[in-house]
Amino acid sequence: MALIDTNLDIAYDLLTTSEIVAIPTETVYGLAGNALDLSAIDKIFIAKNRPRTNPLIVHISGIDELNKYVRYIPDISLKLTEKFWPGPLTILFPKSDVISSEVTANQPTVAIRIPQHPVTLRLLKMLPFPLVAPSANPSGYISPTSAQHVQAQLGDKIKYILDGGPCTKGIESTIIGFDDDETPVIYRKGIITPDDIKKIAGKVKIHTSHAHDKVVTAGMSLSHYSPKTLLYLTNDLEVILSKNKDKRIGIITLQRKFNTDFEQYVLSEKGDQEEAAKNLYAAMHYLDSLDLDLIVAEMFPDEGIGLAINDRLRRAADEVLIN
Ligand code: TXA
Ligand code: MG
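A quick note: this is a predicted structure, and the numbers were derived from the prediction, not measured. (Residues numbered from 1 in each chain as written. Chains lettered and ligands numbered in written order. Predicted model: local features only at pLDDT ≥ 70, side-chain atom pairs only at ≥ 80, totals over all residues. Heavy atoms only, no water.)

(A) View of the pairing of strand β14 (residues 263-266). The alternating pattern of β14 places Gln264 and Val266 on a buried face, while none of Glu263 and Tyr265, on the opposite face, is buried. Relative to β14, strand β13 (residues 249-253) runs parallel, the two sharing four bridges. Counted as the bridge partner of Ile252 is Tyr265 from β14. (Buried < 20%, exposed > 50% of the residue type's maximum accessible area, 1.4 Å probe, protein only. Helix = DSSP H or I, 4+ residues; strand = E, 2+ residues; numbered from the N terminus. Pairing = 2+ DSSP bridges.)

(B) Inspection of helix α4 (residues 75-84) at higher detail. If you check which residues of α4 are buried, you get Ile76, Ser77, Leu80, Thr81 and Phe84. Viewed end-on, α4 has its buried residues packed into an arc of 135°, placing them on one side of the element. Exposed side chains of α4 directed beyond 90 degrees from the buried face belong to Asp75, Glu82 and Lys83. (Arc of directions from axis to C-beta.)

(C) The arrangement of the pattern of salt bridges in detail. Scanning the model with the defined rule gives 13 salt bridges in all. Here the salt bridges do not stand alone but share partners, grouping Glu172, Asp311, Arg312 and Arg315 into one network. (Salt bridge = Lys/Arg side-chain N within 4 Å of Asp/Glu carboxyl O.)

(D) View of the nonpolar core. Of all hydrophobic cores here, the largest spans 43 residues; its most connected members are Val58, Trp85, Leu89, Ile112 and Ile158. Looking at this core, the element that brings in the most residues is helix α2 (residues 38-48), giving four residues. Excluding anything up to four places from it in sequence, Val58 contacts Ala35, Ile99, Val103, Val110, Ala111, Ile112, Arg113, Pro130, Leu131 and Val132. The next biggest cluster of nonpolar side chains, apart from the first, holds 28 residues, and it includes Leu267, Leu280, Ala283 and Leu287. (Core = buried A, V, L, I, M, F, W, Y, C linked by side-chain atoms within 4.5 Å. Contact = heavy atoms within 4.5 Å.)

(E) Looking closely at the packing of aromatic side chains. With the rule as written, the count across this model stands at one aromatic pair. Their ring planes at 55° and their centres at 6.1 Å tell us that Tyr265 and Tyr286 sit as a pair that is tilted. Of this pair, Tyr265 sits in strand β14 while Tyr286 sits in helix α10 (residues 273-288); the two residues are 21 residues apart in sequence, bridging distant segments of the chain. Tyr286 sits in the partly exposed class, given a relative accessible area of 37%. The side chain of Lys228 reaches across the aromatic face of Tyr141, ending 5.1 Å from its centre. (Phe/Tyr/Trp six-rings, centres within 6.5 Å; stacked < 30°, edge-to-face > 60°. Lys NZ or Arg CZ within 6 Å of the ring centre and 35° of its normal.)

(F) Focus on the sheet that holds strand β12 (residues 231-234). Read from one edge to the other, the open sheet built from five strands follows the order β14-β13-β15-β12-β16, with strand pairing classed as parallel. At either end of the open sheet lies a strand with only one pairing partner, and these are β14 and β16 (319-321). Put simply, the sheet's adjacent strands are angled 20° from each other on average, direction ignored. Along the sheet, α10 contacts β12, β13, β14 and β15 (294-298); its crossing angle with β14, the most-contacted strand, is approximately 170°. Sheet strands in contact with helix α11 (residues 306-316) are β12, β15 and β16, and its direction is about 140° off that of β12. (Axes fitted to C-alpha atoms, helices over the stretch in contact; angles between N-to-C directions.)

Set out below in structure tokens:
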């Protein structure tokens with residue numbers, strides 16, 4: 001079992017001696033280590049059982065740090081960082097030599113963000129180095145949005161979980177890069193929507209993945225964020241429920257409550273997508289812990305934050321059943 005506490009000094013001492021520590025961010029909890037220390041980086045890949053071909057995000061404490069770790073800063077990115085940092089936006093930049101190829105999985109770009117969590121921002125300001133931090137879950141499973149989720153999934157692999165309470169945003173940061181003409185390209189959908197980016201940058205593209213892609217991102221591994229329980233995603237819950245009456249089912253909906261004995265998790269009683277995103281992984285963790293036969297999730301409207309929620313549900317699902 002890992003120690004769960006709010007003491008920053010314990011985190012500082014571990015991180016400055018090549019150890020890894022779970023840290024809170026506004027999106028999900030991260031498994032953090034010194035971004036400039038190969039031994040810490042190695043421990044992260046081992047604890048998560050993460051393929052070395054999947055690069056890590058570097059978390060910095062302020063915009064003044066950026067030029068140490070990147071070779072080139074497109075003008076348009078400064079407008080975006082000014083608006084969205086600290087916050088749930090990760091940006092791909094050409095990496096400087098300080099960043100090792102282990103961090104970027106041999107890619108020429110490095111992913112950078114400033115998280116918006118008071119505890120982790122304070123920790124980053126104390127430390128003399130940036131932190132790499134992938135989500136603090138075993139590779140492929142649901143990301144953690146509380147210290148208790150981290151304990152349940154990685155508690156036997158790490159010493160310390162810095163407790164910052166439940167994550168306020170609840171799904172991983174939006175990841176963008178830039179085209180040759182410096183158009184922002186969304187590689188992973190998140191709380192910051194295509195419209196949000198377009199409002200600031202004037203233009204935006206959404207990346208669709210191809211087998212020959214040079215850039216590797218989370219968006220490209222199709223199975224991801226998955227509970228152990230079988231999960232169906234559908235736009236017609238009634239049909240699935242009527243076909244599976246004999247099974248023990250858990251239901252995830254945005255707002256609707258069904259008149260049934262099945263376990264139900266309503267993500268937002270007022271139908272608010274931000275609130276739903278915040279609760280999404282807690283719903284999956286909870287229903288997954290009940291040892292059910294099946295979890296059925298209802299598709300969200302494909303707009304705004306619903307785009308990112310549907311993206312995560314699609315990757316979590318064993319089957320997508322659309323009428
Ligand atoms: O919200 C978040 O981004 C959370 C918190 C902890 O900051 N972190 C997170 O990390 O979601 P992770 O490792 O679970 O997902 C980040 C994804 C990776 O799967 C990787 O594919 C992509 O970002 N990525 C990282 N560096 C990249 C790079 N240089 N080029 C392309 N994709 C990259
Ligand atoms: Mg992850």
